[in-house]
Amino acid sequence: MLDHDEILQAIETIEPLSPTVTRLAELVADPETDMDAVVACVSHDPGMTLGLLRRANSAQYGGRGQVGDVRSAVVRLGFGVVLEAAVRVGSRNVLDRSIPQYGFSERQFWRHCCAAAHAAEALRRSAGVPIAAVVATAALLHDIGKLAIAQHISERQEELLESAHALVGIMTAERDLFGLDHAEVGGLMAKRWRLPETIVQAITFHHDPGLVTDPITDVVHVADQIALMVCSDPDSGWQMTVETGSLERLGIDADDLGSLAEVSRGLLELTETRPS
Ligand SMILES: [Fe+2]
Ligand SMILES: [Fe+2]
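The model shown is predicted, which means the values in this text are computed figures rather than measured ones. (Residues numbered from 1 in each chain as written. Chains lettered and ligands numbered in written order. Predicted model: local features only at pLDDT ≥ 70, side-chain atom pairs only at ≥ 80, totals over all residues.)

Caption draft 1: Up close: helix 14 (residues 215-231). Its 17 residues give helix 14 an end-to-end C-alpha distance of 24 Å, which sits within 8% of 24 Å, the value for a rise of 1.5 Å per residue. By the criterion of burial, helix 14 is predominantly enclosed, with 15 of the 17 residues buried. (Helix = DSSP H or I, 4+ residues; strand = E, 2+ residues; numbered from the N terminus. Expected span 1.5 Å × (residues − 1). Buried ≥ 20, exposed ≤ 12 C-beta atoms within 10 Å, placed from the backbone.)

Shown next as structure tokens:
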């Protein structure tokens with residue numbers, strides 16, 4: 001079995017988020033934060049500024065004319081999308097890679113993460129309860145634990161993981177083989193990256209949302225299932241496995257999941273046609 005220290009070592013080898021992204025996450029998680037603080041934080045970072053302007057002028061958001069400054073981009077996107085865009089720019093090196101140990105070939109993992117972020121934003125807008133703006137970022141990063149585990153396991157463990165996954169599901173397979181699962185490892189990574197506790201919690205419990213009382217965790221759980229649907233082969237007959245408790249707590253009807261998946265698929269296609 002992998003022990004806790006080995007996992008922490010694996011986490012250490014993964015490139016952290018920049019201090020500016022971490023600071024922005026703190027600001028967005030704080031309901032008292034005002035526009036000036038967010039604009040000042042983004043303006044410090046040329047890469048983040050560029051990513052934000054691109055997103056604000058993208059096919060998804062640019063229909064209302066071009067914006068050329070950070071403040072207008074923040075107004076157009078809202079704090080939640082600003083943070084998600086910044087994390088996307090800052091974590092692409094980490095997330096945009098194949099993880100064959102989990103069946104993700106080139107680009108597939110990145111697509112899954114982005115589809116989940118889009119689904120989370122769509123759910124946030126449709127939910128019957130208020131959802132904090134950090135939710136899209138929590139969804140973008142929900143499976144980061146897979147990266148650390150994949151770097152650490154042997155070929156033999158990889159084979160065992162694949163066969164056990166088919167039999168008992170990924171979480172049980174990981175716990176049986178490694179003593180912990182990718183959600184727990186992802187939570188440890190988010191903590192190390194100094195992300196707000198609400199993001200840490202959503203990553204840690206995205207497969208067990210009933211264990212906490214937190215609408216962000218519920219959204220990330222549902223968004224993950226929508227993303228799996230969006231990225232699955234349409235002929236595979238793949239079905240979502242969503243906890244009904246999460247839907248009830250969010251005030252989302254199960255019949256609306258199909259249309260939310262369509263929204264997520266459309267946004268994924270839009271952001272793939274232009275860099276974001
Ligand atoms: Fe997961
Ligand atoms: Fe996932």
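Caption draft 2: Structural view of the packing of helix 4 (residues 46-56) against helix 5 (residues 70-77). As a packed pair, helix 4 and helix 5 sit with axes 9 Å apart at the nearest point and diverge in direction by 50 degrees. On the basis of their axis angle, the class for helix 4 and helix 5 is oblique. Handedness of the helix 4/helix 5 crossing: left-handed. Only V70, A73, R76 and L77 of helix 5 make contact with helix 4, whose side of the interface consists of T49, L52, L53, R55 and A56. (Axes fitted to C-alpha atoms, helices over the stretch in contact; angles between N-to-C directions. Parallel < 35°, antiparallel > 145°, perpendicular 65-115°, else oblique. Left-handed = near helix turned anticlockwise from the far one by under 90°. Contact = placed C-beta atoms within 7 Å.)

Caption draft 3: Spatial organisation of unusual backbone geometry. Of note in the backbone geometry, R107 takes a positive phi value of approximately 75 degrees without being a glycine. Residue position: R107 is located in the loop between helix 6 (79-95) and helix 7 (108-126). Judged by the 12 C-beta atoms lying within 10 Å of it, R107 falls in the exposed class.

Caption draft 4: Examining helix 9 (residues 144-152) more closely. The element helix 9 is extensively covered by neighbouring structure, given that 7 of its 9 residues are classed as buried. Among all positions of helix 9, only I144, G145, K146, L147, A148, I149 and A150 are buried.

Caption draft 5: Structural view of the environment of L147. In this fold, L147 is placed in helix 9. A residue is classified by how many C-beta atoms lie within 10 Å of it, and L147, with 24 of them, is buried. With 137 residues separating them in the primary sequence, L147 and A10 have C-alpha atoms 9.1 Å apart. Setting aside residues no more than four positions away along its own chain, L147 makes contact with I14, V94 and I99.

Caption draft 6: Spatial organisation of the nonpolar core. By size, the foremost hydrophobic cluster in this structure holds 84 residues, and its most contacted members are V82, A86, A119, A120, V135, A139 and A223. Counting residues per element, this core draws most heavily on helix 7, at 11 residues. Look past the residues within four positions of V135 in its chain and what remains in contact with it is G80, A120, R124, I216, V219 and V220. (Core = buried A, V, L, I, M, F, W, Y, C linked by C-beta atoms within 7 Å.)

Caption draft 7: Region of the structure containing the packing of helix 4 against helix 6. Where helix 4 meets helix 6, the axes come as close as 9 Å, and the angle between the chain directions of the two elements is 125 degrees. With respect to helix 6, the axis of helix 4 lies oblique. Handedness of the crossing formed by helix 4 with helix 6: right-handed. Facing helix 4, whose interface residues are G47, M48, G51, L52 and R55, helix 6 presents V81, V82, A85, A86, R88 and V89. When its residues are assigned to classes, the contact of helix 4 with helix 6 shows 7 nonpolar, 2 polar and 2 charged. (Nonpolar A, V, L, I, M, F, W, Y, C, P; charged D, E, K, R; others polar.)

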